[in-house]
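Residue strings, one per chain:
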Amino acid sequence: QVQLVESGGGLVQPGGSLRLSCAASGSIFSVNTMAWYRQAPGQQRELVASITSVGRTNYVDSVKGRFTISRDNAKNTVYLQMNSLKPEDTAVYYCNAYIADKGTMYRAVEYWGKGTLVTVSS
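Residues numbered from 1 in each chain as written. Predicted model: local features only at pLDDT ≥ 70, side-chain atom pairs only at ≥ 80, totals over all residues. Heavy atoms only, no water.

Details of the pairing of strand 8 (residues 77-82)
In terms of residue burial, strand 8 counts as a mostly covered element, since 5 of its 6 residues are buried. Looking at chain direction, strand 7 (residues 67-72) and strand 8 are connected through 6 bridges and run antiparallel. Bridged to Thr68 within strand 8 is Gln81. (Buried < 20%, exposed > 50% of the residue type's maximum accessible area, 1.4 Å probe, protein only. Helix = DSSP H or I, 4+ residues; strand = E, 2+ residues; numbered from the N terminus. Pairing = 2+ DSSP bridges.)

Quick notes on the pattern of salt bridges
Taken as a whole, this structure holds 4 salt bridges when the rule is applied. As a salt-bridge pair, Arg38 and Glu46 come within 2.9 Å of each other at their nearest N and O atoms. Residue Glu46 is classed as partly exposed on the basis of its relative accessible area of 29%. By sharing partners, the salt bridges in this structure join Arg38, Glu46, Arg66 and Asp89 into a single network. (Salt bridge = Lys/Arg side-chain N within 4 Å of Asp/Glu carboxyl O.)

So, the environment of Arg38
The topology assignment puts Arg38 in strand 4 (residues 28-39). Classification of Arg38 as buried rests on a relative accessible area of 7%. On a C-alpha basis, the gap between Arg38 and Leu117 in space is 9.2 Å, while along the polypeptide they are 79 residues apart. At 3.0 Å, the side chain of Arg38 forms a polar contact with the side chain of Asp89. (Polar contact = N/O pair within 3.5 Å; in protein donor to acceptor, adjacent residues only side chain to side chain.)

Considering the state of the cysteines
If you walk through the whole model with that rule in mind, you get 1 disulfide. Here Cys22 is linked by a disulfide to Cys95, with a sulfur-sulfur distance of 2.0 Å. Residues Cys22 and Cys95 share a disulfide whose torsion about the S-S bond is about -85 degrees; that sign makes it left-handed. Of this pair, Cys22 sits in strand 3 (residues 18-25) while Cys95 sits in strand 9 (residues 91-101); the two residues are 73 residues apart in sequence, bridging distant segments of the chain. (Disulfide = S-S within 2.5 Å.)

Observations regarding the nonpolar core
Ranked by size, the top nonpolar core spans 29 residues in total, and within it Trp36, Leu80, Met82, Tyr93 and Ile99 carry the most contacts. Residue assignment for this core shows that the elements contributing at least two residues are strand 3, strand 4, strand 5 (46-51), strand 7, strand 8, strand 9 and strand 11 (116-120). Considering every element that reaches this core, the biggest residue donor is strand 9, with 5 residues. (Core = buried A, V, L, I, M, F, W, Y, C linked by side-chain atoms within 4.5 Å.)

Examining the packing of aromatic side chains
Tallied over the full model, the rule gives 2 aromatic pairs. Seen from their ring centres, Phe29 and Tyr106 are 6.1 Å apart, and the 65 degrees between their planes marks the pair as edge-to-face. Of this pair, Phe29 sits in strand 4 while Tyr106 sits in the loop between strand 9 and strand 10 (109-112), placing them 77 residues apart in sequence. Its relative accessible area of 42% is what places Phe29 among the partly exposed residues. (Phe/Tyr/Trp six-rings, centres within 6.5 Å; stacked < 30°, edge-to-face > 60°.)

Structure below.
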């Protein structure tokens, strides 16, 4: 019954900004690491940024200094602030999280959102 729902994607000009949100809902016991992946047409899915339950972050080199991942544990939500966007950032962005539901409690399971499209173009 756990699901991830993304929002915030859209069309933006180069140099612009977008903020993606992803909220986990359902019978949640705990949310562990959360992350954003992206996949451009014909390309492999790529880890963009991740954040642990205590706020430790990591980023792929291509977005360092431009993107910021954060989370609100009370809302079971992860965000991706994307600044100085480039055409090569165009992709479907997927939310990812390891979640222990109330049925398993101590066993975290990987969940994926359905994806939200980010298009960076003039």
